[in-house]
Structure formats: structure tokens, C-alpha cells
Amino acid sequence: MLIAAYILFVPSNLLPVMRTASLTGTQQDTIMSGVVYLWVSGSWPLAALVFFASIVVPLVKLASLTFLLVSVQRDSAWRPLERTKLYRLLEFIGRWSMLDVYVITILSALVQLRSLATISAGPGAIAFGAVVVLTMLASKLSIRA
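What counts, and at which threshold
- Residues numbered from 1 in each chain as written.
- Predicted model: local features only at pLDDT ≥ 70, side-chain atom pairs only at ≥ 80, totals over all residues.
- Heavy atoms only, no water.
- Phe/Tyr/Trp six-rings, centres within 6.5 Å; stacked < 30°, edge-to-face > 60°.
- Helix = DSSP H or I, 4+ residues; strand = E, 2+ residues; numbered from the N terminus.
- Buried < 20%, exposed > 50% of the residue type's maximum accessible area, 1.4 Å probe, protein only.
- Pairing = 2+ DSSP bridges.
- pLDDT = per-residue confidence, 0-100.
- Axes fitted to C-alpha atoms, helices over the stretch in contact; angles between N-to-C directions.
- Left-handed = near helix turned anticlockwise from the far one by under 90°.
- Contact = heavy atoms within 4.5 Å.
- Core = buried A, V, L, I, M, F, W, Y, C linked by side-chain atoms within 4.5 Å.
- Patch = residues over 30% accessible without salt bridge, like charges linked within 9 Å, V, L, I, M, F, W, Y side chains within 5 Å.
- Areas by Shrake-Rupley, 256 points an atom, 1.4 Å probe, with all protein chains shown as cover.
- Salt bridge = Lys/Arg side-chain N within 4 Å of Asp/Glu carboxyl O.

> Please explain the packing of aromatic side chains as it appears in this structure.
By convention here, two paired aromatic rings are described through the distance between centres and the angle between planes. Summed over all chains, the structure comprises 2 aromatic pairs. Between F67 and W78 the ring centres are 6.1 Å apart and the planes differ by 90°, which places this aromatic pair in the edge-to-face class. Highlighted residues: F67 in helix 3 (residues 44-73) and W78 in the loop between helix 3 and helix 4 (80-93), separated in sequence by 11 residues. Accessibility expressed as a relative area gives 35% for F67, which makes it partly exposed.

> It is not clear to me how the environment of A48 should be interpreted in this structure. Could you clarify?
Looking at the secondary structure, you find A48 in helix 3. Its relative accessible area of 37% is what places A48 among the partly exposed residues. Remark: the alpha-carbon pair of A48 and L38, spanning 10 residues in sequence, is separated by 8.8 Å.

> Explanation requested: the pairing of strand 1 (residues 18-22) in the structure shown.
For a regular strand, the rule is simple: side chains alternate between the two faces of the sheet. Both strand 1 and strand 2 (residues 25-29) contribute to a ladder of 5 bridges, which runs antiparallel. Within the sheet, the bridge partner assigned to S22 lies in strand 2 and is G25. Connecting strand 1 to the next strand, strand 2, in antiparallel fashion are 2 residues.

> Help me understand the confidence of the model for the protein chain in this model?
For the protein chain, the average pLDDT comes to 84, and 83% of its residues sit at 70 or higher. The secondary structure element of the protein chain with the lowest average pLDDT is helix 5 (residues 99-110), at 65, and the one with the highest is helix 1 (residues 2-14), at 94.

> Help me understand the packing of helix 3 against helix 4, please; the structure alone is not making it clear to me.
To characterise two packed helices, one gives the angle between the axes of the helices and the distance between these axes. Viewed as axis vectors pointing N to C, helix 3 and helix 4 meet at an angle of 145°, and their least axial separation amounts to 11 Å. Two packed elements cross with a definite hand, and for helix 3 against helix 4 that hand is left-handed. In this structure, helix 3 uses V57, K61, S64, L65, F67, L68, S71 and V72 to contact helix 4, whose residues at the interface are R83, L86, Y87, L90 and I93.

> In this structure, what is going on with the nonpolar core? I would like to understand it.
The nonpolar side chains of a soluble globular protein tend to be buried, and buried together. If you look at the biggest cluster of nonpolar residues, it comprises 12 residues: V17, M18, I31, V35, L38, A47, V50, I55, I119, A125, F128 and V132. Listed by contribution, the elements that provide at least two residues to this core are helix 2 (31-40), helix 3 and helix 6 (123-144). Formed by 10 residues, the second largest nonpolar core is a distinct cluster that contains F9, L65, L90 and V131.

> For this particular structure, what's the right way to read a nonpolar patch on the surface?
Among the surface-exposed residues, M32, V36, W39, V40, W44 and F51 lie close enough to one another that they form a single nonpolar patch of about 650 Å² accessible area. Contributing elements (two or more residues each) for the nonpolar patch: helix 2 and helix 3. A per-element tally of the nonpolar patch places helix 2 first, with 4 residues. With respect to the helices and strands, the residue W44 is situated in helix 3. Overall, the relative accessible area of 52% leaves W44 in the exposed class.

This is how it looks when you write it as C-alpha cells:
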């Protein structure tokens, strides 16, 4: 599951996560294009939040799960308390990694002016959601292993 999450992390950041169609045309946005737009438009705190929650947190979570997996596979006795705390932290932040998916869902629900504009999730959102679900399952299943 962790390998699949790594593989899907790439398209989740390269493919459009949101498609906006209006009378003026269609626009497709990736996570980074959304962050850049928010930053340029003056919403830098929101841009920083989206960047942190959508790119930094999933990447750190993947790296941390890899570290925990390797340490368990090697029967490491190195700093078990700190590794346990790291695992608990990963469990806590798991659902907050889906900030982009939540934003797209809320925007889609709010902007249902079908004759004027539509907002829909793109393939990047599906890949991003899959990364989050796979990392959550990988951490849950590691308890049973």
C-alpha cells in the first residue's frame, strides 16, 4: 500500500484536481497552481496552509511510514518510545491530509449554477484521495502485522 501511495503521489500533484467551467471558458488547476493563485491574489496564509496540508504533510507522512516500516522489518530496538509517538502522530493527522478533497467538495456544493458555472473534481483529486486512503490503511494494517 505504501508503494502504491508513492506511485499515486506523483499524478496527484501533476494532474488537475479541479475543473472549473463557466461562460468565459474552462480552467483546470493542479494543487500547485492553486497554491500559486492563492499566493499571488494575496491569500498567502491560505496558500501556505494548502501547500503544507496537501504537499508537505503527505510527503512527510510517506517518509515517516517508510521509516517505521523499515525499522520494524529490521527488528530495530532504537528509540521505541519516539517511534510510537511518531506513529500516533501519523494516525492523528491522517484525515487532515485530505484538505484539497474537502475544499473541492465544498466548492462543488456551493457553486451549482449549472447554467453559469460548474466545478468538478479532476483526476488529480482521485489520485490524491487514493494516496491519503492508502497511507491511512497502511498505518492501520501495520498495527495488525
